[in-house]
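Structural overview
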Amino acid sequence: SLAVESTGAQPLAITGLAASPNGSLVAVGGRKQVLLYDASSLAFLGVLPFPEGDVKTVRFSRNAKLLLAGGGRGAKNGRVVLWDVATAKRVGELGDEFDQVLAADVTADQRLVALGGPQKVVRLVRTADGQVEAEIRKHTDWITAVEFSPDGTVVATASDDGKVRLWARKDGAKIKEWDAHPS
């Protein structure tokens with residue numbers, strides 16, 4: 001059973017949505033909170049507070065043990081928060097962005113988080129100590145989607161310039177680029 005605060009939920013505009021890989025939970029992000037629901041019964045399970053601001057992205061780890069939420073306050077701050085799904089305890093706070101985190105993902109081994117947003121930079125941040133391991137500074141517009149390959153060796157990104165890009169995680173080298181919506 002999930003040990004989540006069951007009071008304090010506020011009505012919200014949905015700004016992030018994720019289903020756990022095992023299909024048991026749904027996380028709904030909004031203003032200053034993530035709401036958790038049982039996917040089978042649709043029963044409300046509780047609230048994970050996100051006082052950092054508005055949640056812009058939510059994602060479960062591939063083994064469904066961590067829940068990640070990214071967001072913040074526009075033109076002020078951005079963070080990624082990690083919770084242990086079984087206990088609903090915060091286990092990490094990553095990033096010290098100057099604007100909201102719009103996109104984030106965690107590697108399958110839960111060692112790295114990739115985050116991106118209006119700053120046009122993808123940061124790879126270590127979960128153990130919050131240090132930036134690498135940056136990809138080759139985007140020309142806001143980063144709106146980030147995802148690691150299953151083995152964690154490739155980072156896929158999408159940005160407001162309509163491009164999808166694949167990067168080698170190790171050295172940030174561009175592997176491939178294409179238009180998301182060719183005309």
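Refer to the structure printed above.
Now for a look at the structure at hand.

Basis of the calculations
Residues numbered from 1 in each chain as written. Predicted model: local features only at pLDDT ≥ 70, side-chain atom pairs only at ≥ 80, totals over all residues. Heavy atoms only, no water. Pairing = 2+ DSSP bridges. Helix = DSSP H or I, 4+ residues; strand = E, 2+ residues; numbered from the N terminus. Axes fitted to C-alpha atoms, helices over the stretch in contact; angles between N-to-C directions. Salt bridge = Lys/Arg side-chain N within 4 Å of Asp/Glu carboxyl O. Buried < 20%, exposed > 50% of the residue type's maximum accessible area, 1.4 Å probe, protein only.

1. Brief notes about the sheet that holds strand S3 (residues 44-60)
With respect to topology, six strands assemble into an open sheet ordered S1-S2-S3-S4-S5-S6, the strand pairing being antiparallel. Two strands bound the open sheet, and with one partner strand each, they are strand S1 (16-19) and strand S6 (89-97). Across this sheet, the average inter-strand angle for adjacent strands is 30°, counted without regard to direction. Here S1 pairs with strand S2 (residues 25-38) via four bridges, running antiparallel. Its bridge partner being in S2, Ala19 is matched across the sheet by Val26.

2. Things to note about the pattern of salt bridges
On inspection of all chains with the given rule, the structure shows 18 salt bridges. For the salt bridge of Glu97 with Arg123, the shortest nitrogen-to-oxygen distance reads 2.7 Å. Taken as a pair, Glu97 in strand S6 and Arg123 in strand S9 (residues 122-126) lie far apart in primary sequence, 26 residues in all. Exposure class is identical for Glu97 and Arg123. Each is buried. When the shortest N-O distance is used, the salt bridge between Glu177 and Lys163 registers 3.9 Å. Of this pair, Glu177 sits in strand S14 (residues 174-179) while Lys163 sits in strand S13 (residues 163-168); the two residues are 14 residues apart in sequence, bridging distant segments of the chain. Through salt bridges that share partners, Asp161, Lys163, Arg165, Lys174, Glu177 and Asp179 make up one connected network.

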